[in-house]
Amino acid sequence: MNLPEELRYTKDHEWVRIDGSIARIGITDYAQDALGDVVFVQVPDVGTAVAAGDTVSEVESTKSVSEIYAPLAGTVVAVNADLADAPQRLNEDPYGEGWICDIEVGDADLDGLLDAPGYQALVED
Amino acid sequence: MTDRTSPLDAVHRALDARIVPFGGWEMPLNYADGSLAEHRACRTDAVVFDVSHLGTVRVTGSDAHERLQRAFTNDLDRVAPGRAQYTHLLDPDDASVLDDIIVWWVDGDRFDVMPNASNTDRVTGALGDGAIDVTAERAVLALQGPRARERLAPVFPEAAEVARFGVGTAEWAGVRCTFAGTGYTGEDGVEVAVPADSAAALWEAVTVAGFVPAGLGARDTLRLEAGLPLHGHELGPGINPLEAGLGWVVRWDKGDFIGRDALLAIKEAGVGRRLRGLTVEGRRPPRDGYPILRDGEAVAAVSSGNFSPTLGHGIALALLPVDVAEGDRLAIDVRGTEVPATVVPLPFVGR
């Protein structure tokens, strides 16, 4: 299982890449493997204000639907438009080209997120 | 109760298959490359499914033909020894389809009846004394796809040459196998029943010959594209063969069979709904149970739906009111969003 050290994670199998005041989010390698082939991703509208825990996206594979939750409060400032035609990016490159959206989170408190060892422990539990 | 496993279970696990419970069995959902790749391999080349979870109920003896004629809806006298036939077992009270079955008429007085996994006991019971569940003795490999026969020919030539809906037996590597020109994908193919002890060797031989292992995930999207019903979805309690568009499976002129009176009453009264295909624009999969709306009012629910890997958009099957016509525009309620849907002819993907 690929778990980049520089990312933060959630118990819902999402990753968060903090870059200044922007949090980029996606699903983990573990999550994409469990979902199977992703065939559709519903991305949020740019400008949407979200609270932590709100549903911001839906990821659908041939077998199931998974909701993606905002790990932090903020405003959606960018979405991965390539997923409309290439949802398989979530399987092929979950931490790179398979990103879902960017949320402007300001000076967010990251204490509620897991680091890589913490997420690994959660998955292995 | 623990789920049963196929004679090929260790083979699947060695291939790192994702194993899921299905009809009382643990079977592969997909292998390492995923169900979309497996689906495409079946449409363009050749795949192998382990379908050992399908039952095999062997009926032999001088009254075997008569037992099957009285239990099932189709008429064996329309075929002959060495042929396979699709047929139904009905509920005697309301003509619901208790199971849909392929009968392999192997020779004279021997029939191998192949029910769905979870219905094997029910079908065995309907056939009475002398019907023997031999499921544990064999594995069944479904070899499917436009290149299936070509790839099977060097491995097992007799099986590769079986006619479509033909049945035969021959030895492979010293063991007697039974095979038929049948399948559940909308592609040409062959299904081979092989003694359990030799199943892994046959699996190895066909994969070396180029068959790509495929699991239940691909099997479901393939049969959905082909418009083929799945028991528990398009057939089952409360659904009769006429509603499912399978009136051709019922032969009224052959004499009595279980559920005939109940179904005749339904036929004379007329059915209120019929199985139809729906397509949606876009990739979002319509899923089982989603409401189908006409002018904002729910008139049915999706019985099976998914993303069509071949077509690149969502497709669904549903039992719709009989006044719905091909070309009608309906909507599917996708978790609160109304997605436009069009009624289309079946199958979604032709052979």
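All values reported here derive from a predicted model rather than from experimental measurement.

### A look at the nonpolar core
Residue and element names in this part refer to chain B.
Here's step 1: Core analysis: the largest hydrophobic core is formed by 33 residues, its most contacted members being Phe49, Trp104 and Leu263.
Here's step 2: Elements with a minimum of two residues in this core: helix 2 (35-44), strand 4 (47-50), strand 6 (83-90), strand 7 (97-107), strand 10 (138-144), helix 8 (216-225) and helix 9 (260-269).
Here's step 3: Broken down by element, the residue count for this core peaks at 4 residues, all from strand 7.
Here's step 4: Two domains each provide a minimum of three residues to this core, namely domain 1 (4-55 + 135-225) and domain 2 (57-133).
Here's step 5: In this structure, leucine 263 is in contact with Leu90, Ala95, Asn240, Pro241, Leu242, Val250 and Trp252, ignoring residues within four places of it in sequence.
Here's step 6: Counting 27 residues, the second largest nonpolar core, distinct from the first, contains Ala46, Val48, Val162 and Leu202.

### Re the sheet that holds strand 5 (residues 57-60) of chain B
Residue and element names in this part refer to chain B.
Here's step 1: Read from one edge of the open sheet, 5 strands run 6-7-8-5-9, paired in antiparallel fashion. The sheet is open, and its two edges are formed by strand 6 and strand 9 (131-133), each paired on a single side. Ignoring which end each strand starts from, the neighbouring axes of this sheet average 30° apart.
Here's step 2: Alignment of strand 5 against strand 8 (residues 110-114), held across 4 bridges, turns out to be antiparallel. Across the sheet, the residue bridging to valine 57 is valine 113, located in strand 8.
Here's step 3: Its contacts with the sheet place helix 4 (residues 120-127) against strand 5, strand 6, strand 7, strand 8 and strand 9, and it is angled at close to 160° to strand 9.

Analysis parameters
Residues numbered from 1 in each chain as written. Chains lettered and ligands numbered in written order. Predicted model: local features only at pLDDT ≥ 70, side-chain atom pairs only at ≥ 80, totals over all residues. Heavy atoms only, no water. Core = buried A, V, L, I, M, F, W, Y, C linked by side-chain atoms within 4.5 Å. Buried < 20%, exposed > 50% of the residue type's maximum accessible area, 1.4 Å probe, protein only. Helix = DSSP H or I, 4+ residues; strand = E, 2+ residues; numbered from the N terminus. Domains from an automatic or database assignment. Contact = heavy atoms within 4.5 Å. Pairing = 2+ DSSP bridges. Axes fitted to C-alpha atoms, helices over the stretch in contact; angles between N-to-C directions.

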